[in-house]
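Each chain is listed here by its residues.
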Amino acid sequence: MLEPRSAIQRMRPYHPPTGNRRNSLRLDFNENTIGCPDHVLRALTNALSGELLATYPDYELATKRFARFFGVKDDQLLLSNGTDEAIQLLVNTFVGPGDEVVVLNPTYAMYRFYTEIADAETREVRYRDVPGSTSYERVLHVEPSDILAAVSDKTRAIFIPNPNNPTGSTIGIEAVQEIIESVPQACILVDEAYFDFWGVTALPLINRYDNLFVSRTFSKAFGLAGMRLGCLMSQSKNIANMKKGQSPYSVNALSTVAALAAIEEPDWIASYSAQVQRGRSLLVAELEKHGYPYWKSEANFVLFDAGDRAEALLQRSREAGMLIRDRRHDLPGALRVTAGPPHHTERFAAVLEALR
């Protein structure tokens, strides 16, 4: 009887709740809530042709333009099929059976997912839950010493989402440097999927540290989650080694057309990010108004403690035509709401008011 590898047998299936999401206000997956910008749609329409779809993609020009946009050299950037493929390539290249990978808890599920496929061990570092600046604000915090305490001579990678999903928590760049310098034998991935809502980056450090990797995605602020495009940046030797194990055409031609059009309009991204920050501030104010503790976030979402009202909030939101995310498997009573422009937050505020 044909059997999969033992690592696959031990894994639990990952089933993201992605069904029946159309025609709803999507406040569950941290996507851009207003959709892909019009100038990107025009670029796709103008580029779409039988020849484009019949031809394998050429990444040379796209790589040069993305490298210029991010401020790195051409050979320091790798295009990936979403950030997920970037994580997978890093693990495939540097992590083997019996090695260890350090992750935060709670955090993005794909770090553990690809570590388990590689038959490596995951070591978790739990966030500390500390009081914030108001009676309702909490902060999920981690010190470099907490992360370094989980490191062993088997550690080959440390994943630091900054800001973190689902908590919105951040780690200062000086703390990131301390970790990089303390574990030179491990890859340090700083996942900056939510960079556009915080504005702090470790990217300038890649020329200084040969074990630093920084990832970005076009799935959040840029409104291109359906295109599945990400970038991984590191020193050229690391990028060259990862490309050895990458499928030569994993990124489709239309995704690069869309993202190239998106970066030509940085003011649009800045405007949307500003709207999100206003929406997030309003969301926090509404949560406080209705008595819900929440965790401080620098991303385009807020995680909050709904307590025994969680199920009712999920149900009432669905009835009102909007989707929010159940994170009670991470923290008791926790729900996560994507922050879009203020008028989207106002729709969710009406649900909170109805359950007052």
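Refer to the structure presented above.
Because the structure is a prediction, the values reported are computed rather than measured.

*Asks:* What is the right way to look at the nonpolar core in this model?
*Replies:* Soluble, globular proteins show a tendency: their nonpolar side chains are buried together. By size, the foremost hydrophobic cluster in this structure holds 66 residues, and its most contacted members are Phe66, Ile147, Phe218 and Leu224. Sorting elements by how many residues they give to this core places helix α10 (residues 253-263) first, with seven residues. With residues near it in sequence (within four places) discarded, Ile147 still touches Val102, Leu104, Val125, Val142, Ile158, Ile171 and Ile179. Counting 22 residues, the second largest nonpolar core, distinct from the first, contains Leu89, Leu90, Val91 and Met110.

*Asks:* What's the story with the sheet that holds strand β12 (residues 301-305) in this structure? I'm lost.
*Replies:* Pairing between the strands of a sheet comes from backbone hydrogen bonds, and it takes one of two forms, parallel or antiparallel. Here we have seven strands laid out as an open sheet, ordered β1-β13-β14-β12-β11-β6-β5, and mixed in their pairing. Lying at the two open borders of the sheet, with one neighbouring strand each, are β1 (25-27) and β5 (128-131). The sheet contact formed by strand β11 (residues 294-295) and β12 spans two bridges and is antiparallel. Note that in β12 the partner of Trp295 across the bridge is Leu303. The strands touched by helix α11 (residues 266-289) within the sheet are β11, β12 and β14 (334-338), with β12 carrying the most contacts at an inclination of about 10°. Relative to strand β13 (residues 322-326), helix α12 (residues 310-319) is tilted by about 155°, and along the sheet it contacts β12, β13 and β14.

*Asks:* So what exactly am I meant to see when it comes to helix α13 (residues 342-354) here?
*Replies:* Within an α-helix, residues lying three or four positions from one another point in the same direction, as the helix has 3.6 residues per turn. When the terminal C-alpha atoms of α13 are compared, their 18 Å separation across 13 residues agrees well with the 18 Å that a helix rising 1.5 Å per residue should span. Of the positions making up α13, those classed as buried are His344, Thr345, Phe348, Ala349, Val351 and Leu352. Burial along α13 is one-sided: seen end-on, the buried residues are contained in an arc of 150°. Looking at the buried side of α13, the elements it contacts are β1, α11, β12, α12, β13 and β14.

*Asks:* Would you explain the pattern of salt bridges in this entry?
*Replies:* Pairing between side chains becomes possible if they bear opposite charge and their charged atoms approach one another. All told, the structure shown has 16 salt bridges when counted by the stated rule. Note that Asp119 is salt-bridged to Arg10, the shortest N-O span being 2.5 Å. Here the residue Asp119 occupies a position in the loop between α6 (109-117) and β4 (121-126), and Arg10 occupies one in helix α1 (residues 6-10), the gap between them amounting to 109 residues. With a shortest N-O distance of 2.5 Å, Arg112 and Glu124 are connected by a salt bridge. Of this pair, Arg112 sits in helix α6 while Glu124 sits in strand β4; the two residues are twelve residues apart in sequence, bridging distant segments of the chain. Relative accessible area serves as the criterion here: at 31%, Arg112 is assigned to the partly exposed category. Residues participating in the shared-partner salt-bridge network are Arg112, Glu116 and Glu124.

*Asks:* Please clarify how the pairing of strand β8 (residues 187-191) should be interpreted in this entry.
*Replies:* Within a regular beta strand, the side chains point alternately toward one face of the sheet and then the other, so they alternate between its two faces. Burial of β8 is extensive: five of the five residues sit out of reach of the surface. Of the two faces of β8, both are covered, the one formed by Cys187, Leu189 and Asp191 as well as the one formed by Ile188 and Val190. Taken together, the five bridges between strand β7 (residues 155-161) and β8 define a ladder with parallel strand orientation. Across the sheet, residue Ala157 finds its bridge partner in β8, namely Cys187. For the crossover from β7 across helix α8 (residues 173-182) to β8, the handedness is right-handed. Bridging between β8 and strand β9 (residues 212-217) involves four bridges; their strand directions are parallel. Bridging across to β9, Leu189 finds its partner in Phe213.

*Asks:* Could you clarify how one ought to interpret the environment of Cys187 in this entry?
*Replies:* Position of Cys187 among the secondary structure elements: in strand β8. In sequence terms Cys187 and Ser247 are 60 residues apart; their C-alpha atoms lie 21 Å from each other. When near neighbours in sequence (up to four residues on either side) are disregarded, Cys187 contacts Leu90, Phe94, Arg156, Ala157, Ile158, Asn211 and Phe213.

*Asks:* When you look at unusual backbone geometry in this model, what are you seeing that I'm missing?
*Replies:* Both trends apply: most residues other than glycine have a negative phi, and most peptide bonds are in trans. Note that the residue after Asn162, namely Pro163, is joined by a cis bond; omega there is 5°. Among the secondary structure elements, Pro163 is positioned in the loop between β7 and α8. With phi around 65°, Asn30 is a residue other than glycine that occupies positive phi space. Relative to the elements of secondary structure, Asn30 occurs in the loop between β1 and α2 (38-47).

*Asks:* When you look at the layout of surface pockets in this model, what are you seeing that I'm missing?
*Replies:* Empty space left among the atoms is revealed by rolling a probe the size of a water molecule over them. There is about 1,300 Å³ of room inside the largest pocket. Among the elements of the structure, α5 (82-94), β3 (100-105), α6 and β4 are those that each provide at least two residues to the lining of the largest pocket. A per-element tally of the lining of the largest pocket places α6 first, with six residues. Broken down by class, the residue content of the lining of the largest pocket amounts to 19 nonpolar, twelve polar and 16 charged.

*Asks:* In this structure, what is going on with the sheet that holds β8? I would like to understand it.
*Replies:* In space, the seven strands of this open sheet follow the order β2-β10-β9-β8-β7-β3-β4, with mixed pairing throughout. The open sheet has two free edges, formed respectively by β2 (77-80) and β4, since each of these has just one partner strand. Recorded for the sheet is a direction-independent mean angle of 20° between the axes of neighbouring strands. One ladder, built from six bridges, connects β3 with β4; its direction is parallel. The residue bridging Asn105 from the neighbouring strand is Arg126, located in β4. Packing of α5 onto the sheet brings it into contact with β2, β7, β8, β9 and β10 (230-233), and relative to β2 it is tilted by some 120°.

The rules behind each value
Residues numbered from 1 in each chain as written. Predicted model: local features only at pLDDT ≥ 70, side-chain atom pairs only at ≥ 80, totals over all residues. Heavy atoms only, no water. Core = buried A, V, L, I, M, F, W, Y, C linked by side-chain atoms within 4.5 Å. Buried < 20%, exposed > 50% of the residue type's maximum accessible area, 1.4 Å probe, protein only. Helix = DSSP H or I, 4+ residues; strand = E, 2+ residues; numbered from the N terminus. Contact = heavy atoms within 4.5 Å. Pairing = 2+ DSSP bridges. Axes fitted to C-alpha atoms, helices over the stretch in contact; angles between N-to-C directions. Expected span 1.5 Å × (residues − 1). Arc of directions from axis to C-beta. Salt bridge = Lys/Arg side-chain N within 4 Å of Asp/Glu carboxyl O. Right-handed = clockwise from strand over helix to strand, strands pointing away. 1 Å grid on protein atoms, 1.4 Å probe; cavity = no way out; pocket = protein on both sides within 12 Å on 5 of 7 lines; lining within 4 Å. Points joined across faces, edges and corners; volume = space filled by probe spheres on them. Nonpolar A, V, L, I, M, F, W, Y, C, P; charged D, E, K, R; others polar.

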